[in-house]
Amino acid sequence: MGALIGYGLSRDRALKLDTSIQAGEYVLLMHGSQEEVDRAREILSAAGGTDIAVEPRAV
């Protein structure tokens, strides 16, 4: 969970993702331009992705 917080996620979000990882689910973290993020969201959604969230990364 520390790595997720270090990546810039909130403690609550990091805990949720850590729980997903422990349950054997896949977690994908990425960054890019708004256009790239929008396209990635479209692709992931079309492929059946769930809990797709976009959050600003802490600087």
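Given the structure is predicted, the values throughout are model-derived calculations rather than measurements. (Residues numbered from 1 in each chain as written. Predicted model: local features only at pLDDT ≥ 70, side-chain atom pairs only at ≥ 80, totals over all residues. Heavy atoms only, no water.)

Trainee: Please clarify how the pattern of salt bridges should be interpreted in this entry.
Mentor: Where charged atoms from two side chains of opposite charge come close, those side chains can pair. Scanning all chains against the criterion turns up three salt bridges. Across the pair aspartate 51 and lysine 16 runs a salt bridge whose closest N-O atoms are separated by 3.6 Å. With aspartate 51 in the segment after helix H3 (34-46) and lysine 16 in helix H2 (residues 11-22), this residue pair connects regions lying 35 residues apart in the sequence. The salt bridge partner of glutamate 42 is arginine 39, with a shortest N-O separation of 3.2 Å. Of the two residues, glutamate 42 and arginine 39 are both situated in helix H3; the distance of three residues between them amounts to about one turn of the helix. A relative accessible area of 49% places arginine 39 in the partly exposed class. (Salt bridge = Lys/Arg side-chain N within 4 Å of Asp/Glu carboxyl O. Helix = DSSP H or I, 4+ residues; strand = E, 2+ residues; numbered from the N terminus. Buried < 20%, exposed > 50% of the residue type's maximum accessible area, 1.4 Å probe, protein only.)

Trainee: Which parts of the structure should I look at to understand the side chain of serine 20?
Mentor: Mapped onto the elements of the fold, serine 20 is located in helix H2. In this structure, serine 20 is in contact with Glu25 and Val27, ignoring residues within four places of it in sequence. (Contact = heavy atoms within 4.5 Å.)

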